[in-house]
Amino acid sequence: MNLKPVQVMVVTPHPDDAEYGVAGTVARWISDGKEVIYVVCTNGDKGTGDANMNPEELVRIREKEQMAAARSLGVREVIFLRHPDQGLEDTPEFRKELVRLIRMYRPETMVTADPYRRYRWHRDHRITGQVTLDAVFPYARDHLSYPDLIKEGLHPHKVREILLWASEDVNYRSDITATFHLKLAALRCHKSQVGHIPTQELEERLRQRQKIMAEGEDFHLAEAFHRVEMR
Ligand SMILES: [Zn+2]
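Throughout what follows, the structure given in this document is the object of discussion. (Residues numbered from 1 in each chain as written. Predicted model: local features only at pLDDT ≥ 70, side-chain atom pairs only at ≥ 80, totals over all residues. Heavy atoms only, no water.)

### Quick look at the packing of helix α6 (residues 180–188) against helix α8 (residues 199–213)
Thought 1: Packing of α6 against α8 leaves a shortest axis separation of 11 Å and a crossing angle of 130°. Viewed along their axes, α6 and α8 adopt a mutual orientation that is oblique. Considering only the axes of α6 and α8, their crossing is right-handed. Packed against α6, whose contacting residues are F180, K183, L184, L187 and R188, the element α8 presents T199, L202, E203, L206, R207, R209 and Q210 at the interface.
Thought 2: Taken together, the residues of the contact of α6 with α8 break down into five nonpolar, two polar and five charged. (Axes fitted to C-alpha atoms, helices over the stretch in contact; angles between N-to-C directions. Helix = DSSP H or I, 4+ residues; strand = E, 2+ residues; numbered from the N terminus. Parallel < 35°, antiparallel > 145°, perpendicular 65-115°, else oblique. Left-handed = near helix turned anticlockwise from the far one by under 90°. Contact = heavy atoms within 4.5 Å. Nonpolar A, V, L, I, M, F, W, Y, C, P; charged D, E, K, R; others polar.)

### Observations concerning the side chain of S145
Thought 1: Tracing the sequence through the fold places S145 in the loop between α4 (123–140) and α5 (147–151).
Thought 2: Given the relative accessible area of 14%, S145 is considered buried.
Thought 3: Once residues lying within four places of it in the same chain are set aside, the contact partners of S145 are R103, P138 and Y139. (Buried < 20%, exposed > 50% of the residue type's maximum accessible area, 1.4 Å probe, protein only.)

### Comments concerning α8
Thought 1: Taking 1.5 Å of rise per residue, 15 residues should cover 21 Å, and α8 covers 22 Å from first to last C-alpha, within 8% of that figure.
Thought 2: Its buried side turned inward, α8 meets α1 (17–31), α6, α7 (191–194) and β7 (222–229). (Expected span 1.5 Å × (residues − 1).)

### So, the pairing of strand β2 (residues 36–42)
Thought 1: Where burial is concerned, most of β2 is hidden: seven out of the seven residues are buried.
Thought 2: Alignment of strand β1 (residues 8–12) against β2, held across five bridges, turns out to be parallel. Bridging across to β2, V10 finds its partner in Y38.
Thought 3: Where the polypeptide runs from β1 across α1 and back to β2, its parallel neighbour, the crossover connection is right-handed.
Thought 4: Of the strand pairs in this sheet, β2 and strand β3 (residues 77–83) are connected by five bridges, and their pairing is parallel. Counted as the bridge partner of I37 is E77 from β3.
Thought 5: Handedness of the crossover is the feature at issue here: the chain leaves β2, passes through helix α2 (residues 55–73), returns alongside β3, and the resulting connection is right-handed. (Pairing = 2+ DSSP bridges. Right-handed = clockwise from strand over helix to strand, strands pointing away.)

### Describing unusual backbone geometry
Thought 1: With an omega dihedral of 10°, the bond running from F137 to P138 counts as a cis peptide bond.
Thought 2: Assignment of secondary structure puts P138 in helix α4.
Thought 3: Of note in this structure, D16 is not a glycine but carries a positive phi near 100°.
Thought 4: Residue placement: D16 occurs in the loop between β1 and α1.
Thought 5: At Y119, a residue that is not glycine, the phi angle is positive and equals roughly 65°.
Thought 6: By the secondary structure assignment, Y119 is in the loop between β4 (109–113) and α4.
Thought 7: Given a relative accessible area of 77%, Y119 falls into the exposed group.

Structure below.
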């Protein structure tokens with residue numbers, strides 16, 4: 001497999017979660033010359049309060065919105081796995097899909113949702129985080145997992161670090177003061193999700209959220225993560 005590696009792979013449960021979770025940091029990485037890819041696990045076809053919206057139409061809209069958001073940030077590629085929204089399961093097939101992508105794109109850093117957030121947490125977020133962690137370690141790393149992938153030229157790969165957004169156990173705050181406007185612009189691309197919120201209000205809400213995440217730091221706005229170093 002002769003594919004140019006990326007430095008960062010973001011695995012997001014639904015279209016728009018990556019923008020809430022990590023888009024400011026993605027914008028900073030890209031301005032530092034890193035290549036970033038998005039993997040969107042579900043098709044987002046339950047994400048509407050509009051009783052007249054048809055689910056197939058919603059999938060098309062949300063993929064377009066996700067592409068626009070990714071393009072605005074400079075993300076190299078977006079891969080849609082199109083699992084059903086609210087229907088993601090921790091299956092060997094889903095895990096293998098992620099292992100295949102990790103071995104193809106060989107990222108140093110993986111970013112996803114923290115699966116260990118307690119009580120009130122979207123099932124798709126919990127499963128995306130859990131299966132991503134499993135795919136990184138041990139499955140993508142070990143020679144004897146998926147020998148059929150090795151035959152395809154997809155050799156084991158060791159990810160260096162994992163960043164988990166929406167964590168209750170934050171140990172890393174990333175400075176997004178300079179890229180906040182890009183995060184906001186990317187989030188605004190998800191019109192089906194945030195289009196009903198007045199422009200000024202969305203900006204204020206997001207600014208307040210990122211300000212709280214920067215508490216205790218000498219910068220103003222942050223995205224907060226639990227960071228796991230893989231050694
Ligand atoms: Zn979500």
